[in-house]
Amino acid sequence: MIMITRTLPFLLLLRGLSVVSQVSPSANVTAVSIDLLDASHILHFLDVVDAFGHVSARNPDNASQFIMSFSIAPALATSQDLVTYEIDNATAIQLTFNNSVTGEDVPSGFIERYIHSQIYKAFPNVTGVVHAHTTSVISFANVGVGLEAQMGVAGSIGALKHGTPIFDYDALPTSILPEDVPHNLLVDNEAIGDALARTFKDGSAVVLMKGHGMAVQGLSVRDVAFRAFYTMENANVQSMATLLGALVPGAKPPTGLSARDASDASNTADTSLVVRAWDLWTAQVDQVPLYVNDLRPSA
Ligand SMILES: *[C@@H]1O[C@H](CO)[C@@H](O)[C@H](O)[C@H]1NC(C)=O
Ligand SMILES: *[C@@H]1O[C@H](CO)[C@@H](O)[C@H](O)[C@H]1NC(C)=O
Ligand SMILES: *[C@@H]1O[C@H](CO)[C@@H](O)[C@H](O)[C@H]1NC(C)=O
Ligand SMILES: *[C@@H]1O[C@H](CO)[C@@H](O)[C@H](O)[C@H]1NC(C)=O
Ligand SMILES: *[C@@H]1O[C@H](CO)[C@@H](O)[C@H](O)[C@H]1NC(C)=O
């Protein structure tokens, strides 16, 4: 008893000191970070991303900031890798879970973080972004054919007459992509990021990137991960349907969903399907020791 009364003030003092240097992220930031780590692992588990690609969230506590890991493979992300960035210029503010590491002390971010900053800047309604090099999607971009929603779970792709827009890096004007900089396909500054963000059109959540991959926007981290996965699945269905339509006697080219069906199905997915998928996908990544979400107990 005596020992407790003597040590308690000392423990409280220690606790007080650590609070001064280490402000815990809010419950909302922790919740979105749990989803962000799960999304990083799930997108890898589902083969949407490989060593490259990234997913981010708008900061729920501050709409002028976003949260994304620094430059590591998404499969390996843990809470200590998450960084809070300025949307204004994609510069690092601090490690999301250690505010004593700030500014230039934060490990290097993804060179293509401008994909995220410029989409958040252009679309105040967007709270989650995915960029991925998914090969089945690149095939469409490279032949100049956009995706059209082929099934309800991919309704967010939209039913655009000529498919999703395609971002063509080589068609950028020299005012955005000068001759004397490396032409390496990377969205590595605000101007190229803005050009990409301007490519989204008519409510499609997806822009294909020729020779590169795709950018996807969503209404939450879970939503954008769901959309990215089903964009890949849609590309697989659309390519097979297009081949069958062209090669099999009597077959017709795929018409895809009507605009009404795509839009209604997308709303249904957002409001009721994502939860069931998330329960499955988090249970799956919990079975694989490679993926560590240190912010939530595994199932
Ligand atoms: C946390 O998020 C909830 C749900 O979006 C919201 O109602 C609440 O105001 C947020 N809390 C803070 C402190 O921003
Ligand atoms: C929100 O973020 C902006 C940009 O980082 C910052 O200038 C501002 O102070 C933040 N607001 C709050 C309430 O923290
Ligand atoms: C980035 O943007 C923030 C918010 O507008 C600003 O406070 C900061 O000075 C900018 N940093 C750089 C390096 O431009
Ligand atoms: C935060 O980062 C500092 C500097 O790297 C380190 O000394 C400290 O242990 C970290 N704190 C936590 C809670 O990880
Ligand atoms: C955000 O709003 C724009 C219209 O300004 C819309 O086209 C887009 O689909 C919306 N994004 C999401 C993720 O719903």
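Preceding block: the structure.
Definitions and limits used
- Residues numbered from 1 in each chain as written.
- Chains lettered and ligands numbered in written order.
- Predicted model: local features only at pLDDT ≥ 70, side-chain atom pairs only at ≥ 80, totals over all residues.
- Heavy atoms only, no water.
- Phe/Tyr/Trp six-rings, centres within 6.5 Å; stacked < 30°, edge-to-face > 60°.
- Helix = DSSP H or I, 4+ residues; strand = E, 2+ residues; numbered from the N terminus.
- Buried < 20%, exposed > 50% of the residue type's maximum accessible area, 1.4 Å probe, protein only.
- Pairing = 2+ DSSP bridges.
- Expected span 1.5 Å × (residues − 1).
- Near = heavy atom within 4 Å.
- Polar contact = N/O pair within 3.5 Å; in protein donor to acceptor, adjacent residues only side chain to side chain.
- Areas by Shrake-Rupley, 256 points an atom, 1.4 Å probe, with all protein chains shown as cover.

Caption draft 1: Structural detail: the packing of aromatic side chains. Considering all chains together, one arrives at ten aromatic pairs under this definition. Ring geometry for phenylalanine 226 versus tryptophan 281: centroids 6.2 Å apart, planes at 45 degrees, classification tilted. Of this pair, phenylalanine 226 sits in helix 6 (residues 221-247) while tryptophan 281 sits in helix 7 (residues 259-286), and the two are 55 residues apart along the sequence. When the centroid spacing of 4.8 Å and the interplanar angle of 65 degrees are considered together, the rings of phenylalanine 229 and tyrosine 230 count as edge-to-face. Note on phenylalanine 229: relative accessible area 10%, which makes it buried. Taken together, the ring pairs in this structure connect Phe226, Phe229, Tyr230, Trp278 and Trp281 into an aromatic cluster.

Caption draft 2: View of the pairing of strand 4 (residues 92-95). Pairing of strand 3 (residues 82-86) with strand 4 involves three bridges; the strand directions are antiparallel. Residue tyrosine 85 lies in a different strand from strand 4, and its bridge partner there is alanine 92. Hairpin remark: strand 3 followed by strand 4, antiparallel, with five residues in the connecting loop; positive phi at alanine 90, about 60 degrees. Pairing analysis gives two bridges linking strand 4 to strand 5 (residues 98-102), with the strands arranged antiparallel. Note that in strand 5 the partner of leucine 95 across the bridge is asparagine 98. Hairpin connection, strand 4 to strand 5: the antiparallel pair is bridged by two residues.

Caption draft 3: Just helix 2 (residues 27-45), in detail. In a regular helix each residue adds 1.5 Å, so 19 residues correspond to 27 Å; helix 2 covers 27 Å between its end C-alpha atoms and thus fits that length. Immediately downstream of helix 2, the backbone of aspartate 47 shows phi near 65 degrees, a positive value.

Caption draft 4: Expanded view of the site of ligand 4. Around ligand 4 lies a shell formed by Asn98, Ser100 and Val101. A distance of 2.3 Å is found between an oxygen atom of ligand 4 and a side-chain nitrogen or oxygen belonging to asparagine 98. Calculation on ligand 4 without its partners gives an accessible area of 370 Å², and the protein chains cover 33% of this total.

Honestly, that's just the spatial picture; any functional story needs more than this.
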